[in-house]
Amino acid sequence: MSAATLPSSWTISSIRESLLLKTVSARELTAEFFRRIERDNPRINAFLTVCPERAFAAADHVDALIARGESLPPLAGVPVAMKDVLSTAGVRTTCGSKILENYIPPYDATAVSRLESAGAVILGKTNCDEFAMGSSNENSAFGPVQNPAAPGYVPGGSSGGSAAAVAGQLAVAALGTDTGGSIRQPGACCGITALMPTYGRVSRYGLTAFASSLDRIGPLANSVEDAASVLAAMAGRDPLDATSTSAPVPDYRAQCQEPLHGLRLGIPRQYFGEGLDPEVRQKVEEAIAMLEKLGCRRVDLDMPHTDYAIAAYYIIATGEASSNLARYDGVRYGLREPANSLREMYKRTRGRGFGTEVKRRVMLGTYALSAGYYDAYYLRAQKVRALIARDFAEAFQRADVLITPTTPTPAFRIGERTSDPLKMYLADIYTVTGSLAGIPGISVPCGKSTANLPIGLQVFGPHFTESLVLQVAHAYQEAASPLPS
Amino acid sequence: MYELPLATAGFLQIEVGGAAQPARKRIGITRLHMEEDAAKALHEGFVDSAKFTYVDFNRCGMPLIEIVSEPDMRAPSEAHAYLIALKQVLEYTEVSDCNMEEGSLRCDANVSVRIRGTEKFGTRTEVKNLNSFRHLQRALEYEIERQIGVLESGGHTEQETRLYNVSAGRTETMRSKELAHDYRYFPEPDLLPVTCDEQRLEEVREQLPELPDTKRARFVTAYGITSYDADVLSATRERADFFEEVVRHGAAPKLAANWIQTQYLRLESAGNAPGNETTHKSPAAREIAELLLMIDSGEITAAVGKKIFPRMWQTGQGARSVILEEGIVKMDDASTMEQTARAILARDPNNVAKYRAGNESVLKFFIGQFMRETQGQANPQTATEILRRLLAE
């Protein structure tokens with residue numbers, strides 16, 4: 001099959017089928033995606049680094065398996081992209097920051113190596129907000145990313161490059177990271193499927209830490225099924241991350257296809273109040289109605305501490321960030337600005353290496369953790385976090401899953417909110433709650449606004465119910481826009 | 001985590017009062033918590049160490065445990081004894097190799113002085129850079145004198161962190177309380193709470209080796225050796241195990257204790273001396289036991305044993321094969337011995353007469369002569385019998 005006759009959109013199962021039928025080789029498919037990147041990336045800016053050598057080596061390995069008639073691993077030949085906060089041995093990992101502009105890690109993150117051993121072909125590293133801090137990808141030191149679904153608009157953030165790569169057909173799936181919404185919010189903005197697994201489900205080993213008690217790795221894909229396959233390939237206990245759990249990893253792809261049987265959909269009132277764009281509200285309500293048609297029952301409920309989530313989040317996340325980012329001191333990693341004294345070298349390196357938002361958060365976090373303020377801020381935020389987790393626990397007594405909008409508004413224009421950090425922070429108002437509670441959440445597209453901007457529907461489930469969350473999202477996706485078979 | 005230590009309210013027993021007035025003292029342990037090693041500060045050893053402190057990041061991120069003791073120690077010697085006792089437990093349980101030079105055991109000491117009879121502790125200083133047991137004791141001695149000097153000259157001690165300057169033999173201000181750092185501690189999310197159920201605790205307890213205190217006491221009662229010998233032999237688990245293995249192979253415990261402490265440890269410490277590159281194949285417990293049995297049964301003398309031991313140490317050979325190789329003749333042939341004895345007595349009629357006149361102590365003199373003549377290769381008991389018989393003739 002020549003490049004001209006290759007289909008434009010691929011799924012994990014269509015790739016598998018084509019490879020087995022030998023209508024395309026893994027090498028040809030990989031070359032096709034690099035052609036697309038070469039053509040479209042200058043405009044979209046989703047990729048910061050490509051690694052063709054590594055990709056073709058992986059593709060050739062898959063082709064060799066096919067040639068020998070051996071069984072194929074689950075992600076064989078699937079072109080994927082990695083958010084640039086995940087360590088890749090020998091491949092530059094910038095975290096979207098000038099301070100790590102030339103940093104080449106000596107090892108792979110567990111998520112990266114697991115996808116590769118499942119046969120995935122890693123194309124390269126995707127743009128993101130610096131150290132995953134942001135909701136628009138405008139905080140990258142390497143320029144903003146265009147939303148492929150809506151030119152001139154942000155792709156969301158911080159996993160904006162990963163979302164844009166998938167939405168722009170530059171990769172079949174991508175890994176993002178989510179600390180307060182950074183997988184789900186860009187997923188919603190770009191009109192794709194985006195899953196944040198339970199805290200502890202996927203090893204964080206090799207993920208550059210932003211806020212260690214919140215950071216999670218998850219897939220962005222064109223369908224719930226594909227997201228399920230990627231999750232299955234990387235979930236599970238890793239001795240290198242003490243917070244990764246040994247809970248068994250089910251066959252997410254098979255389980256997400258189970259029909260819905262009288263599930264109770266919790267609809268928390270606090271997610272439909274002031275600040276919610278009417279068009280978003282309407283699309284989400286339509287989606288709920290469709291799920292009801294599929295046999296689910298609607299349960300309206302309250303989650304009284306929701307309003308405090310953003311405040312608590314920005315104290316906990318910045319506190320942890322201020323500690324985690326202390327390591328970028330010009331001594332051990334990346335950039336070093338020469339100076340006459342050690343102190344001056346620190347100041348210059350961090351002053352020139354970090355962007356505005358990172359500095360703002362390091363200062364906020366340092367303040368919140370300082371002697372005399374700790375009890376009033378950090379400790380209190382932890383208590384609020386416990387209350388929010390309790391809200392969820394109580395809600396899950398009455399409902400099996402919770403349905404909310406992913407974001408209060410669709411994507412905004414590039415540059416629109418950069419001067420107002422507080423307004424920017426509110427983009428995560430519906431996602432941070434699940435982050436604080438440690439539960440899984442998924443965003444699936446549920447239509448578009450009149451301005452043709454994608455809108456996301458969010459499904460939350462209790463800890464380690466990825467299968468359930470995927471099942472609801474898949475049933476909705478099939479009913480709303482059945483994929484061509 | 002600092003707020004939730006792994007363990008609290010423990011203690012260690014130390015020996016105090018020296019040989020004159022031996023006594024045991026209980027040193028309380030406040031807490032044991034886990035930290036991440038930041039790095040190791042190297043305050044000396046570089047040409048520009050007077051100006052700079054070097055930082056060794058090789059241990060960065062390694063887990064470490066901090067063991068905080070109660071203010072129960074009253075003298076540098078007690079601090080020294082406490083640290084030795086602690087080190088022994090850590091080595092016995094294989095928690096750490098306790099190599100102070102490499103930083104796997106480190107120690108900071110808080111010191112304060114007070115007027116005799118007062119209840120309240122004085123203002124304390126924290127002394128760092130104590131890289132060996134010797135430095136610890138010297139630094140504490142210096143710091144105590146320094147604080148006394150400050151108080152006696154009408155001043156008052158500042159709460160501060162001081163650095164022990166090894167070459168100058170004194171402590172120096174490192175940072176004062178005014179400059180105390182706000183570390184902005186918070187719970188480390190990557191370290192999960194550890195849940196230890198009773199079953200797990202039981203498993204660990206079962207795996208615990210016999211600890212130094214118990215071992216010492218058992219050595220005294222089971223083997224009838226002195227508590228001093230028990231101390232030396234149980235200093236490390238390896239040495240204690242070796243001693244017991246020698247005994248298990250049939251050696252008399254007292255002889256084994258004695259031999260290991262003198263001959264064995266002498267060669268061992270000579271072998272470990274800096275710059276000593278000679279290789280050896282130190283004999284196994286079985287070989288040593290065999291040697292001791294030969295001495296005990298009179299097959300060879302202790303002197304012969306001592307003579308052949310270095311060769312056993314060098315080659316790892318057993319006693320019998322060394323004796324054969326060295327051509328040492330065992331003097332157990334009665335007629336040869338009698339010939340020698342007669343020759344000795346014939347040389348010295350005066351002393352023979354003295355003995356026969358009733359001066360029994362002359363016998364010892366003759367035994368000495370005999371042993372010298374035979375280069376210690378004769379069995380002294382047989383020699384005594386022969387001499388006594390010939391003198392009585």
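Cut-off values and rules
- Residues numbered from 1 in each chain as written.
- Chains lettered and ligands numbered in written order.
- Predicted model: local features only at pLDDT ≥ 70, side-chain atom pairs only at ≥ 80, totals over all residues.
- Heavy atoms only, no water.
- Helix = DSSP H or I, 4+ residues; strand = E, 2+ residues; numbered from the N terminus.
- Rg over C-alpha atoms; globule rule 2.2 N^0.38 Å.
- Buried < 20%, exposed > 50% of the residue type's maximum accessible area, 1.4 Å probe, protein only.
- Lys, Arg positive; Asp, Glu negative; His and termini not counted.
- Charge placed at Lys NZ, Arg CZ, Asp CG, Glu CD.
- Pairing = 2+ DSSP bridges.
- Axes fitted to C-alpha atoms, helices over the stretch in contact; angles between N-to-C directions.
- Contact = heavy atoms within 4.5 Å.
- Buried area = accessible area lost by both parts, 1.4 Å probe.
- Salt bridge = Lys/Arg side-chain N within 4 Å of Asp/Glu carboxyl O.
- Polar contact = N/O pair within 3.5 Å; in protein donor to acceptor, adjacent residues only side chain to side chain.
- Domains from an automatic or database assignment.
- Nonpolar A, V, L, I, M, F, W, Y, C, P; charged D, E, K, R; others polar.

Let's talk about the overall build of chain A
Piece 1. A tally of regular secondary structure across chain A gives 16 helices and 11 strands.
Piece 2. The C-alpha radius of gyration computed for chain A amounts to 21 Å, which stays within 12% of the reference 23 Å derived for 485 residues, consistent with globular compactness.
Piece 3. Judged by the C-alpha coordinates and their principal axes, chain A covers about 65 × 60 × 45 Å.
Piece 4. Among the 485 residues that make up chain A, the fraction classed as buried is 60%.
Piece 5. With 47 positive and 47 negative side-chain charges, chain A shows a spacing of 4 Å between the two charge centroids.

Here's the deal with the sheet that holds strand β7 (residues 264–268) of chain A
Two orientations exist for strands paired in a sheet by backbone hydrogen bonds: parallel and antiparallel.
Residues and elements named next belong to chain A.
Piece 1. Ordered by their spatial adjacency, 11 strands build an open sheet running β1-β3-β2-β4-β6-β5-β10-β11-β9-β7-β8, and the pairing between neighbours is mixed. Single-partner strands in this sheet number two, and they are β1 (47–50) and β8 (297–301). Going from strand to strand, the sheet's axes swing by 30 degrees on average, the running direction of each strand aside.
Piece 2. Inspection of the sheet shows strand β4 (residues 173–178) paired to strand β6 (residues 216–221) by six bridges, in the antiparallel sense. By the bridge assignment, Asp178 is partnered in β6 with Arg216.

Focus on the sheet that holds strand β2 (residues 23–36) of chain B
Residues and elements named next belong to chain B.
Piece 1. Pairing is antiparallel across the open sheet formed by three strands, whose spatial order is β1-β2-β5. Taken across any chain shown, the strands that pair with only one partner, and hence form the sheet edges, are β1 (7–16) and β5 (63–69). Strand after strand, the sheet turns through a mean of 35 degrees between neighbouring axes, direction not considered.
Piece 2. One ladder, built from nine bridges, connects β1 with β2; its direction is antiparallel. The residue bridging Glu15 from the neighbouring strand is Arg24, located in β2.

With respect to the interface of chain A and chain B
Piece 1. Of the residues lining the interface, 17 residues belong to chain A; the matching set on chain B comes to 10 residues.
Piece 2. Interface area for chain A against chain B, summed over the two sides, is near 1,100 Å², with a carbon-plus-sulfur share of 63%.
Piece 3. A per-residue breakdown of the area chain A buries against chain B is headed by Arg332(A), Leu369(A) and Tyr374(A), which together make up 31% of the total.
Piece 4. Of the charged contacts, one joins Arg204(A) and Asp190(B) as a salt bridge, the two residues approaching to 2.6 Å between their closest N and O atoms.
Piece 5. One can count one residue pair in polar contact (both at pLDDT 80 or more) joining chain A with chain B.
Piece 6. Of all elements in the fold, only α10 (309–324) and α12 (356–369) of chain A reach the threshold of two or more residues within the side of chain A that touches chain B.

As for the domain arrangement of chain A
How big an interface is tends to be stated in terms of accessible area lost as the parts join.
Residue and element names in this part refer to chain A.
Piece 1. Domain parsing of chain A yields domain 1 (3–255), domain 2 (264–306 + 384–480) and domain 3 (311–375).
Piece 2. A straight line from the C-alpha centre of domain 2 to that of domain 3 covers 33 Å.
Piece 3. Contacts between the two partners involve seven residues from domain 2 and, on the opposite side, seven residues from domain 3.
Piece 4. Together, the buried faces of domain 2 and domain 3 total about 650 Å²; carbon and sulfur atoms form 73% of this surface.
Piece 5. Considering only the side of domain 2, the residues that lose the most area to domain 3 are Arg385, Tyr425 and Leu436, jointly responsible for 64% of the buried surface there.
Piece 6. Taken together, the links from domain 2 to domain 3 amount to one residue pair in polar contact (both at pLDDT 80 or more).
Piece 7. Breaking the side of domain 2 that touches domain 3 down by element, the ones donating at least two residues are α13 (375–398), α14 (421–425) and α15 (432–437).
Piece 8. In terms of residue class, the side of domain 2 that touches domain 3 is made up of five nonpolar, no polar and two charged.

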